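As a plain string of letters, each chain reads:
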Amino acid sequence: MHFLKRAIVKILDIDSWHESDYMSKEYAKYTVSIVDRITQNDRKVKVVEVGCGLGDIIGNIKHKNKQGYDLDNKIVFGAKILHPCTKFNVGSFMDVQECQKLCLIAVNILHFLDPDYVERVICDIKNNNDLDYVVIDELHDTVGTVYKYEYNGLKLLGDDFRIKYRSRRIQASEGACRYVVVYERKR
Ligand SMILES: C[S@@+](CC[C@H](N)C(=O)[O-])C[C@H]1O[C@@H](n2cnc3c(N)ncnc32)[C@H](O)[C@@H]1O
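Presented here is an overview of the structure given in this document. Since this is a predicted model, take the numbers as computed values, not measurements.

**Considerations on the overall build of the protein**
Here's step 1: Secondary structure summary: the protein contains five helices and eight strands in total.
Here's step 2: For the protein, the α and β elements follow one another from N to C terminus as α-α-β-β-α-β-β-α-β-α-β-β-β.
Here's step 3: Scaling as 2.2 N^0.38, a compact globule of 187 residues should have a C-alpha radius of gyration of about 16 Å, and the protein matches this with 16 Å.
Here's step 4: When its C-alpha atoms are laid out on the principal axes, the protein stretches across 45 × 40 × 30 Å.
Here's step 5: Contacts spanning at least 24 positions in sequence make up 65% of the contacts within the protein whose residues lie at least 6 apart.

Listed below in C-alpha cells is the structure:
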C-alpha cells in the first residue's frame, strides 16, 4: 500500500506531505480507532470526512456508510485508487449532504482555515443535518509554526455538544502538539 501511495503521489504530482505513512500518523490511527468504536455502537451513523487527503482516515474506518471530501481533484482521484471501497468526492463542508445521523471528521485541516469560514460552515452543517458527532484535532503551542489557527471545539459547536473522547497529547510539527477530540451532541 505504501509503495502504491508513493507512486500515486509522484505520478499525479501531489504535495509530498501526502506520502506520509498511515502507520506513522498517531492522530490518524487514534481517529480511526475512536470512530470504529462509535460506529460499532451506532450502526445508523454516516461518517463524513472533509479534507480527507488520500483517505488515510476515512479509508481505514471499518464502517461501510462513509464518504470523504477533498477540494483537490488529483488527491480525490488518488484516494479512489487507494481505497476503492470508500466513496470520495471533490468538495468541502458545504457539499455534505443532508443526513439523519452524521459523524463529521475534520482532522488536520481546520488550523489552515479562516475562523469566520469555519464557524459559518459548521453552523450550516448543524442546521442542515442531525449532527451527532464531530471529530476534530485541537492544536496547542502553534506560535511560530505552520499551524495558523487554534480551534476549541466547545466554542465552535456551542453548548449543545460535549466531549465524549479525547486523545492523549500527540506531537505535531515544529514543536506544536494536538489532541484529537470527539464531541457528541447532548440528547
Ligand atoms: C494536511 S491534509 C490532511 C489529510 C487528512 N485529513 C489526513 O490527516 O490524513 C489537508 C487536506 O485538506 C484538503 N483541504 C484544504 N482545504 C480544504 C477545504 N476547504 N475543503 C476540503 N478540503 C480541503 C487539502 O487538499 C488536503 O488534502
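**Description of the environment of Glu119**
Here's step 1: Mapped onto the elements of the fold, Glu119 is located in helix H4 (residues 115-128).
Here's step 2: It is 9.6 Å that separates the C-alpha atoms of Glu119 and Lys155, two residues lying 36 residues apart in sequence.

**Concerning the site of the ligand**
Here's step 1: Close to the ligand lie 17 residues, the nearest being Gly51, Gly53, Asp72, Ser92 and Asn108.
Here's step 2: Within the shell around the ligand, the residues separate by chemical class into ten nonpolar, four polar and three charged.

**Comments concerning helix H1 (residues 2-11)**
Here's step 1: Of the positions making up H1, those classed as buried are Lys5, Ile8 and Val9. An end-on view of H1 places all buried positions within 100 degrees of arc, on one side of the element. Exposed and oriented more than 90 degrees from the buried face of H1 are Phe3, Leu4, Lys10 and Ile11.
Here's step 2: Of the surrounding secondary structure, the elements contacted by the buried residues of H1 are helix H3 (73-82).
Here's step 3: Once H1 ends, the next one or two residues include Asp13, with phi positive near 55 degrees.

**Digging into H3**
Here's step 1: Taken as a whole, H3 has its buried residues at Ile75, Val76, Gly78 and Ala79. Taken down its axis, H3 places every buried residue within 165 degrees of arc, on the same side.
Here's step 2: Looking at the packing, one finds that the buried side of H3 touches H1, strand E2 (66-70) and strand E3 (87-90).

**Structural notes on the environment of Lys80**
Here's step 1: Among the structural elements, Lys80 can be located in helix H3.
Here's step 2: Remark: the alpha-carbon pair of Lys80 and Gly55, spanning 25 residues in sequence, is separated by 8.2 Å.

**Observations regarding unusual backbone geometry**
Here's step 1: Here Asp13, not a glycine, exhibits a phi torsion of approximately 55 degrees, which is positive.
Here's step 2: Relative to the helices and strands, Asp13 is located in the loop between H1 and helix H2 (26-41).
Here's step 3: Given 8 C-beta atoms within 10 Å, Asp13 falls into the exposed group.

Analysis parameters
- Residues numbered from 1 in each chain as written.
- Predicted model: local features only at pLDDT ≥ 70, side-chain atom pairs only at ≥ 80, totals over all residues.
- Helix = DSSP H or I, 4+ residues; strand = E, 2+ residues; numbered from the N terminus.
- Rg over C-alpha atoms; globule rule 2.2 N^0.38 Å.
- Contact = placed C-beta atoms within 7 Å.
- Near = placed C-beta within 6 Å.
- Nonpolar A, V, L, I, M, F, W, Y, C, P; charged D, E, K, R; others polar.
- Buried ≥ 20, exposed ≤ 12 C-beta atoms within 10 Å, placed from the backbone.
- Arc of directions from axis to C-beta.

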